[in-house]
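The chain contents come next:
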Amino acid sequence: MAEISSAPATPRPPVVAPRPPISAPPSQFHSPSLSRSPLLTTPNNEPAAGTKTPRTSRTPRFITPLGSPLRKAIHLTKLDPQDAWLPITESRNGNAYYAAFHTLSSGIGVQALVLPVAFTILGWTWGIICLTLAFIWQLYTLSLLVRLHESTETGMRYSRYLQLFSFTFGEKLGNLLALFPIMYLSGGTCVALIIIGGSTSKLFFEIVCGATCTASKLTSAEWYLVFTCAAVLLSQLPNLNSIAGVSLIGAITAIAYCTLIWAISVAEGRLDGVSYNPVRAKTDIAEVFGVLNSLGIIAFAFRGHNLILEIQATMPSDEKHPSHVPMWRGVKIAYSLIAMCLFPLAIGGYWAYGHMIPANGGMLTALYQFHGRDTSQFLLGMTSLFVIINAVSSFQLYGMPMFDDMESKYTTRMNKPCPWWLRSGFRAMFGFGVFFVAVAIPFLGSLAGLIGGIALPVTLAYPCFMWLKIKKPKQYSQMWWLNWGLGLLGMALSGILIAAGLYVVIDTGVEVSFFKPQ
């Protein structure tokens, strides 16, 4: 910049050479010391007395309305410096394929195997209608989360579900309303995966070993431990992008075992004495709560919304290439495949087993119970193996928010990244912690309806309220009515489903067996 000197007695219009644009790395654009830069202030020479110093703008030319596109691009790079140290945001080179792998692996799992149980109460018509409406509803709220991930107004990327919720409604409400469901969906799902993976490992060993096998058999708790050791070993991969290959394998195996289970069940034909009449309870109250519990089972079949922002956080983003474009492309691919698995599984399973479908375990238990002897042992073994691989893969995805939370406490306190040995210790501690819970509460699968009610706001209600708060659609517009209606309906359903789940557990009873895994 040219220095500003005192004007002569008879001033002439000065010829000022155009100033070159100021260039700086993006990190300096938001530096709080920018206004105190020597390039933007006059030298220390004092002006002569009685003279007027021309007013010089302290704003560089590139921060002008004409520079707003550049400013928006700069805003989108404004990140928390600690993000580079945490496993979810450590790597930001993801793409639509990675998003599809993660979304598919997290969005489909063994919870879908109990869908025919809901049909035994709802019947054919209402079962299909409720499943279709729930699928459309959760896909809509997922699209809201994808669009809310980054804000061109604040220049922030909200890389975690709890972070977005706390920004929208405040930290107190975030801890009160969202912390427990989100942590439960991560930690509780990992507990369920250990139970399912360990139990299926035991079945796989029995199928491979055969009836005449003389090898010593492990107990259920020991199989839980074997599965946990494999999951903890795989969890040492550093960040979310590094497990894209694991998620791909998990997605393939999920599609494979879902297809095998419903295809074998349909190929074997309907069981003798199958009835499709909805199961009626003894009292009207019990029947109402049974219907609501079935809705909770359907809600429980759709999971993964608590991971969508984390998955999108692994992608690069700027104004020309915002992350929501490849993310939504990956989501559409993933949910097309999810629909191709869930609907045949629910409809084909209910057609094959009707009201005889086991309430605990659903399709997988029915396959072994009714077709264990007349079905190829190779197919049964492959199905079991696919379930185990998918459970190990899903464990990595659902455990990642917990790993991220534990490491963030260290990085916030110490202001440096976790050393490798501490990161490994955190993940081992979490893995064996949920193993202890799985051994202590092996009947967790019997609470599917109750769990669905607890998790329902995260999937169906909170995204609508966050959209209203952040985007502020025009009052009484179509989007305003739609999001208010879905949000309030989701919260009401959550409360009713929790009550219904508790009633069904108390009324029908749950075989409680603490520290006695079957």
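Residues numbered from 1 in each chain as written. Predicted model: local features only at pLDDT ≥ 70, side-chain atom pairs only at ≥ 80, totals over all residues. Heavy atoms only, no water.

- Per an unreviewed UniProt entry, the chain carries the name Amino acid transporter transmembrane domain-containing protein and comes from Tetracentron sinense.
- Under the UniProt heading Subcellular location (unreviewed entry), the entry covering the chain gives this text: "Membrane". (UniProt positions renumbered as here; feature names shortened; annotations may be inferred.)

1. A few points about the overall build of the chain
Thought 1: The secondary structure content of the chain amounts to 16 helices and zero strands.
Thought 2: Here the chain holds 518 residues, and the buried ones make up 48% of them.
Thought 3: Intrachain contacts of the chain at a sequence separation of at least 6 include 82% that bridge at least 24 residues.
Thought 4: Carbon and sulfur atoms make up 66% of the accessible area of the chain, which amounts to about 25600 Å² in all. (Helix = DSSP H or I, 4+ residues; strand = E, 2+ residues; numbered from the N terminus. Buried < 20%, exposed > 50% of the residue type's maximum accessible area, 1.4 Å probe, protein only. Contact = heavy atoms within 4.5 Å. Areas by Shrake-Rupley, 256 points an atom, 1.4 Å probe, with all protein chains shown as cover.)

2. A few points about the UniProt feature "transmembrane region" (unreviewed entry) in the chain
Thought 1: Per the UniProt entry, the sites bearing "transmembrane region" (unreviewed entry) are residues 113–140, 176–196, 243–265, 333–353, 378–399, 420–441, 447–468 and 480–506 in this numbering.
Thought 2: Taken as a whole, residues 113–140 contains 93% helix and 0% strand, while its terminal C-alpha atoms sit 23 Å from one another.
Thought 3: Within the segment residues 378–399, helix and strand shares are 100% and 0% respectively, and the terminal C-alpha atoms sit 32 Å apart.

3. Details of the nonpolar core
Thought 1: Y257 and I298 are the most contacted members of the largest nonpolar core, which totals 118 residues.
Thought 2: Ranked by residue count, the leading element in this core is helix α4 (residues 115–148), at 16 residues.
Thought 3: Contact partners of Y257, with chain neighbours within four places excluded, come to G109, V110, L113, T383, F386, V387 and N390. (Core = buried A, V, L, I, M, F, W, Y, C linked by side-chain atoms within 4.5 Å.)

4. A look at the pattern of salt bridges
Thought 1: Per the stated rule, a full pass over the model turns up eight salt bridges.
Thought 2: Linking R92 and D83 is a salt bridge whose minimum nitrogen-to-oxygen distance equals 3.4 Å. Like R92, the residue D83 is buried in the burial classification.
Thought 3: In the salt-bridge network here, residues are joined through shared partners; they are D83, R92, R160 and D404. (Salt bridge = Lys/Arg side-chain N within 4 Å of Asp/Glu carboxyl O.)

5. Here's the deal with the packing of helix α7 (residues 220–234) against helix α13 (residues 377–414)
Thought 1: Remark: α7 packs on α13, axes separated minimally by 9 Å, with the N-to-C direction vectors making an angle of 45°. The angle between α7 and α13 places the two elements in the oblique class. Here the hand of the crossing between α7 and α13 comes out right-handed. Contact with α7, carried on its side by F227, A231 and L234, involves I388, A391, V392, F395 and Q396 of α13 and no other residues of that element.
Thought 2: Grouping the constituent residues of the contact of α7 with α13 by class yields seven nonpolar, one polar and no charged. (Axes fitted to C-alpha atoms, helices over the stretch in contact; angles between N-to-C directions. Parallel < 35°, antiparallel > 145°, perpendicular 65-115°, else oblique. Left-handed = near helix turned anticlockwise from the far one by under 90°. Nonpolar A, V, L, I, M, F, W, Y, C, P; charged D, E, K, R; others polar.)

6. Digging into helix α11 (residues 324–353)
Thought 1: Over its 30 residues, α11 extends 42 Å from the first C-alpha to the last, a length consistent with the 44 Å expected when each residue adds 1.5 Å.
Thought 2: Positioned one or two residues after α11, G354 has a phi angle of 55°, which is positive. (Expected span 1.5 Å × (residues − 1).)

7. Section: unusual backbone geometry
Thought 1: Its identity as a non-glycine residue notwithstanding, K472 has a phi of 50°, on the positive side.
Thought 2: Within the secondary structure, K472 is located in the loop between α15 (448–471) and α16 (478–508).
Thought 3: Despite not being glycine, Y476 shows a phi value in the positive range, around 70°.
Thought 4: A relative accessible area of 54% places Y476 in the exposed class.

8. With respect to the packing of helix α6 (residues 171–209) against helix α14 (residues 420–440)
Thought 1: One way to put it is that α6 packs onto α14 with a least axis distance of 9 Å and a crossing angle of 65°. The pairing of α6 with α14 is recorded here as roughly perpendicular in orientation. Of the two elements, α6 crosses α14, and the hand of that crossing is right-handed. Note on element contacts: α14 touches α6 through F430, G431, V434, F435, V437 and A438, opposite G187, C190, V191, I194 and I195.
Thought 2: Of the residues in the contact of α6 with α14, the class split is nine nonpolar, two polar and no charged.

9. Observations concerning the confidence of the model for the chain
Thought 1: Of all residues in the chain, 81% have pLDDT values of 70 or greater, and the mean over the chain is 82.
Thought 2: Within the chain, the lowest mean pLDDT, 35, falls on helix α1 (residues 26–29), and the highest, 95, falls on α11.
Thought 3: Of the regions scoring below 50 in pLDDT, residues 1–10 engages in twelve contacts with residues more than four places distant in sequence or in other chains.
Thought 4: Segment residues 19–77: pLDDT under 50, and 49 contacts once partners within four positions in sequence are set aside and those in other chains are kept. (pLDDT = per-residue confidence, 0-100.)

10. Digging into the side chain of S106
Thought 1: Tracing the chain through its elements places S106 in helix α3 (residues 96–107).
Thought 2: With a relative accessible area of 1%, S106 lands in the buried category.
Thought 3: One polar contact links the side chain of S106 to the main-chain carbonyl oxygen of H102, over a distance of 2.9 Å.
Thought 4: For S106, the side chain forms a polar contact with the main-chain oxygen of T103, separated by 3.3 Å.
Thought 5: With residues near it in sequence (within four places) discarded, S106 still touches R303, G304, L307, I311, L397 and Y398. (Polar contact = N/O pair within 3.5 Å; in protein donor to acceptor, adjacent residues only side chain to side chain.)

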